[in-house]
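# Observations on the model geometry
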Amino acid sequence: MLKLDLTHSKLNEDLASYQEKVNEAHGWLHNKTGKGNDYVGWVNWPNDYDKEEFGRILKISEKLKGKFDVLLVCGIGGSYLGARAALEMIRGLYPLEGPEVIFIGNTFSNTYLSQVLKHIEGKDVVLNVISKSGTTTETSVAFRIFKQYIEKRYGKKEAQERIIATTDKNRGTLKELADKEGYEEFVVPDDIGGRYSVFTAVGLLPLALAGVDIKELMEGSKLAYEDFNSPELEKNAAYRYAVARRILNKKGYSSEMFVTYHLQLTMIAEWWKQLFGESEGKDGNGLLPTSACYSTDLHSLGQFVQDGQKCLYETLLLIDEMPLDITFPSDEENLDGMNYLSGKQVSWVNKMAMEGTLSAHSEVGGVPNIIINLKDNSAKSFGYMIYFFFKACGMTCYLLDINPFNQPGVEVYKKKMFKLLGKPE
Ligand code: PA5
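Cut-offs applied
Along each chain, residue indices are assigned from 1 in the same order as the chain's sequence is written. It should be noted that, the model being predicted, local features are given only for residues of pLDDT at least 70 and side-chain atom pairs only at 80 or more, the latter also being counted only at that level, while totals for whole chains, interfaces and linings use all residues. Excluded from the side-chain calculation are hydrogens and water; included are all heavy atoms of the structure. The near set for a molecule or strand comprises every residue that places at least one heavy atom within 4 Å of it. Two N or O atoms form a polar contact when they lie within 3.5 Å of each other; inside protein one atom must be a possible hydrogen donor and the other a possible acceptor, and for residues adjacent in sequence the pair counts only when both atoms belong to side chains. In this description, accessible areas are obtained by the Shrake-Rupley approach with a 1.4 Å probe, and a residue is regarded as covered only by the protein chains that are shown. The classification used treats Ala, Val, Leu, Ile, Met, Phe, Trp, Tyr, Cys and Pro as nonpolar, Asp, Glu, Lys and Arg as charged, and all other residues, Gly among them, as polar. Aromatic rings from Phe, Tyr and Trp, taking only the six-membered ring of Trp, are treated as a pair when their centres fall within 6.5 Å; an angle between ring planes under 30 degrees marks them as stacked, one over 60 as edge-to-face, and anything in between as tilted. Elements are defined by DSSP. Helices are runs of H or I of four residues or more, strands are runs of E of two residues or more, and each kind is numbered from the N terminus. For each residue, the accessible area found with a 1.4 Å probe, counting protein chains only, is set against the maximum for its type, and the residue is called buried under 20%, exposed over 50%, and partly exposed in between. Pairs of strands are assigned from DSSP output, requiring at least two bridges between the strands. Axis definition: a line fitted to C-alpha atoms, limited for helices to the stretch in contact. Angles are taken between N-to-C directions and run from 0 to 180 degrees. Reported orientations rely on four angle classes, namely roughly parallel under 35 degrees, roughly antiparallel over 145, roughly perpendicular from 65 to 115, and oblique for the rest. Each helix crossing is assigned a hand: it is left-handed if the near helix lies turned anticlockwise from the far helix by less than a right angle, otherwise right-handed if that turn is clockwise. The criterion used for residue contact is that any of the two residues' heavy atoms lie within 4.5 Å. The handedness of a crossover follows from its direction of travel: if, with the strands pointing away from the viewer, the path from the first strand over the helix to the second runs clockwise, the crossover is right-handed.

### Focus on the site of the ligand
By nearness alone, 13 residues border the ligand, and Ser 79, Ser 131, Ser 133, Thr 136 and Gln 274 come closest of all. At 2.8 Å from an oxygen atom of the ligand is found a main-chain nitrogen or oxygen belonging to Lys 132. Gly 194 is positioned with one of its backbone polar atoms (N or O) 3.4 Å from an oxygen atom of the ligand. For the ligand, whose unbound accessible area comes to 390 Å², protein coverage reaches 88%. For the shell around the ligand, the per-class residue count stands at 1 nonpolar, 9 polar and 3 charged.

### Looking at the packing of aromatic side chains
This structure, assessed with the given rule, holds 26 aromatic pairs. Consider the rings of Trp 42 and Tyr 196, whose centres lie 5.3 Å apart with planes at 25°: the pair is stacked. Highlighted residues: Trp 42 in the loop between helix H1 (19-31) and helix H2 (45-48) and Tyr 196 in the loop between strand S6 (184-187) and helix H8 (201-209), separated in sequence by 154 residues. With a relative accessible area of 1%, Trp 42 lands in the buried category. Relative accessible area serves as the criterion here: at 2%, Tyr 196 is assigned to the buried category. Look at Phe 228 and Tyr 384: their rings are 5.4 Å apart centre to centre, the planes differ by 65°, and that puts the pair in the edge-to-face class. Residue Phe 228 is found in the loop between helix H9 (214-227) and helix H10 (237-250), and its partner Tyr 384 is found in helix H14 (residues 379-399); the two are separated by 156 residues along the sequence.

### Description of the sheet that holds strand S10 (residues 369-376)
Spatial ordering of the open sheet is given by S1-S10-S9-S7-S8, a layout of 5 strands whose pairing is mixed. Of all strands in the sheet, those with a lone pairing partner are strand S1 (2-5) and strand S8 (288-293), marking the two edges. Across the sheet, the mean angle separating the axes of adjacent strands is 20° when strand polarity is ignored. Where strand S9 (residues 312-321) and S10 come together, 7 bridges link them in parallel fashion. What sits directly across from Glu 314, in S10, is Asn 369.

### Points about the packing of helix H4 (residues 81-91) against helix H11 (residues 266-280)
Direction vectors running N to C along H4 and H11 enclose 155°, while the axes themselves pass 7 Å from each other. Of the possible angle classes, the one that applies to H4 and H11 is roughly antiparallel. For the element pair H4 and H11, the recorded crossing hand is left-handed. Within the contact between the two elements, H4 uses Leu 81, Gly 82, Arg 84, Ala 85, Glu 88 and Met 89 and H11 uses Thr 266, Met 267, Ile 268, Glu 270, Trp 271 and Gln 274. Split by residue class, the contact of H4 with H11 holds 6 nonpolar, 3 polar and 3 charged.

### A closer look at the pairing of strand S5 (residues 163-167)
With 5 of 5 residues buried, S5 lies mostly within the body of the structure. Burial along S5 is two-sided: Ile 163, Ala 165 and Thr 167 and Ile 164 and Thr 166, pointing in opposite directions, are all buried. Sheet topology note: the strand S4 (residues 125-131)/S5 ladder contains 5 bridges and is parallel. Of the residues in S5, the one forming a bridge with Ile 130 is Thr 166. The parallel pair S4 and S5 is bridged by helix H6 (residues 137-162), and the resulting crossover is right-handed. As defined by bridge partners, S5 adjoins S6 across 4 bridges and the pair is classed as parallel.

Structural data, given as structure tokens:
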């Protein structure tokens, strides 16, 4: 389902020399004995996930099916990136089926929020507010605005049916509010942090409401859970990827650029950036996670990658089977001189662009390339790939002796902002 190709990675160091360290870190992850061990609930989740709640997710998505035009998903960071990444990867950017999904609560942009309010006029909406802490300011600001909009439009009683809350099981402002308002509630488990939560209701509920097959998605995560369960590097591609990242970082590369070749995968890159950035970027450590979508960004960042400072390596996410191909038409007059491509599939052109770029960057530019090959863009493959990255991220951080599950640095901007906003202590 997923293959890791290190042929172009220029590691010049044997992965096997890390085996002992990997064994130890694997033990920390699996026996809950490493840093941040209260948050390793995601490790066994594909097997142990809450089946009762999963059933409730299916039930409510079935109940609401066809009853709304727009799904508003209100959350930020780990409380929205996974669902958005999945949706775009699986459905594409202009899906012909399913409701429109709009993400709010991830910005203070007044223009954006105002335009969304205008955009949904006359369309039936359902809102899923998602916050583990229940107090995240971006989410709370958008939620109050849209909650009042929904109540005004549908009345308090119907608003109860149209708003669903995903938050902590027992505590937090959102939990209290949801209890009081009588919203249907779903849970972010205590031992799973935001960026590791896409397999919980945080990701599954909006995906199910949008019509994604979440059973298939969980099946993919389970397969990956089984495939990446061994500490042996030879058997575990997630750990090989983690070690390759460490080796390249040690060689002096300070940034990893996550490269895709389909615009509908850019949110996968955003999700990946959060996972690795928030998990690894601590105490002066970590690779700067950056991203590009080629060939689009070859016309912006390509110059730097080819010829600029040698600070980065690329990690390519290549998907073998993408749907909806187009055969390039011939043209009698050939005024644009493009007839040399007549009869070729656009997917083939994209593949040639990839192969040419790989050779240019790797062989001519000396840029190391890690290649991740994924079978297709199905929900199952998404689930498989996400678990692969979870495991790789946990391992990379433990190899650096870093807690992968907190984000103390994020609090600094919040404190400064709260002071300026006059938030009561
Ligand atoms: O990974 C994380 O924990 C964070 O990115 C959170 O998901 C993000 O800050 C949102 O937090 P919350 O769900 O509490 O609103």
